[in-house]
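Residues per chain, in single letters:
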Amino acid sequence: VLYGLSLFKKETGVALPLDIVGTGFSGEHEFLQSIIEGENLAESVRLLGYKNGQDLQAIMLKADFGVVQVPDTVYFSYQPSTKLFEYWSYGLPVLASNYPMNRKLCSPENSILYEATPIGFCQALKVAVHPTITFDRKRIIEMFEPHSWSRIVESFLEKAIGLESK
């Protein structure tokens, strides 16, 4: 993603902002920081670290897109990234790597699929910022409301523990 963002900047002259939330595994923050500095992205990429729910909500409401890049492995062929649903619950369109489960769940109404390479991500960014591309955030929320945590609890957990409405 960072290399694709750097390529986009080189090709267009535009430094798109990117906020990265979370702490990652040991050494990842330093690794990402070295890429940010090496690719001259320090003015547009922020490593925000851990954020609580209230802070995360504010970040999501200001965001234009979510990025879901997962490795094309057997594991992710059968399980969707929970980030997809997290972003969609805020009405965020998603830039998603082109792997089996993303292909199954993503549509032009809610996502832009890309090949998980710097060139692929750069191309997705070019599509995302094109003035003719628009996404209806309210429609995205409506599309995925059946997958919301409250709906899942209502549909399955209550039945499982015998609290069904009579």
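Preceding this paragraph is the structure being described.
To start, this report covers the structure provided alongside it. (Residues numbered from 1 in each chain as written. Predicted model: local features only at pLDDT ≥ 70, side-chain atom pairs only at ≥ 80, totals over all residues. Heavy atoms only, no water.)

Further remarks concern the packing of helix α1 (residues 2–12) against helix α7 (residues 118–129). Two numbers describe how α1 lies on α7: the axes approach to 7 Å, and their chain directions differ by 60°. Classified by the angle between their axes, α1 and α7 sit oblique to one another. Of the two possible hands of crossing, α1 and α7 adopt the one that is right-handed. Taking contact as the criterion, the partners of Tyr3, Gly4, Leu5, Leu7, Phe8, Glu11 and Thr12 in α1 are, on α7, Pro118, Ile119, Phe121, Cys122, Leu125, Lys126 and Val129. Residue composition of the contact of α1 with α7, grouped by class: 10 nonpolar, 2 polar and 2 charged. (Axes fitted to C-alpha atoms, helices over the stretch in contact; angles between N-to-C directions. Helix = DSSP H or I, 4+ residues; strand = E, 2+ residues; numbered from the N terminus. Parallel < 35°, antiparallel > 145°, perpendicular 65-115°, else oblique. Left-handed = near helix turned anticlockwise from the far one by under 90°. Contact = heavy atoms within 4.5 Å. Nonpolar A, V, L, I, M, F, W, Y, C, P; charged D, E, K, R; others polar.)

We now examine the packing of helix α5 (residues 82–89) against helix α8 (residues 137–144). At their nearest, the axes of α5 and α8 sit 8 Å apart, and the two run at 130° to each other. In this view, α5 runs oblique relative to α8, as classed from their interaxial angle. For the pair formed by α5 and α8, the contact residues are Phe85, Trp88 and Ser89 on the first element and Ile140, Ile141 and Phe144 on the second. Considering only residue class, the contact of α5 with α8 consists of 5 nonpolar, 1 polar and no charged.

Let us look at the nonpolar core. Counting 35 residues, the largest nonpolar core has Leu2, Leu5, Val45, Trp88, Val94, Leu95 and Leu125 as the members making the most contacts within it. Among the secondary structure elements, those contributing two or more residues to this core are α1, α2 (28–38), α3 (53–62), α5, β4 (94–97), β5 (111–114), α7 and α8. In terms of residue count, α7 provides more of this core than any other element does, 5 residues in total. Discounting chain neighbours no more than four positions away, the residues touching leucine 2 are Leu18, Ile20, Leu32, Ile35, Ile36, Leu41 and Val45. (Core = buried A, V, L, I, M, F, W, Y, C linked by side-chain atoms within 4.5 Å. Buried < 20%, exposed > 50% of the residue type's maximum accessible area, 1.4 Å probe, protein only.)

A few words on the pattern of salt bridges. Between side chains of opposite charge, pairing is possible as soon as their charged atoms come close. On inspection of all chains with the given rule, the structure shows 6 salt bridges. Residue glutamate 11 pairs with lysine 126 through a salt bridge whose shortest N-O separation is 2.3 Å. In this pair, glutamate 11 is assigned in helix α1 and lysine 126 in helix α7, connecting sequence segments 115 residues apart. Taking the relative accessible area as the measure of exposure, lysine 126 reaches 36% and is therefore partly exposed. Measuring nitrogen to oxygen at the nearest pair gives 3.5 Å for the salt bridge that ties arginine 139 to glutamate 109. Placement of the pair is arginine 139 in helix α8 and glutamate 109 in the loop between α6 (100–105) and β5, with a sequence separation of 30 residues. A relative accessible area of 42% means that glutamate 109 is categorised as partly exposed. (Salt bridge = Lys/Arg side-chain N within 4 Å of Asp/Glu carboxyl O.)

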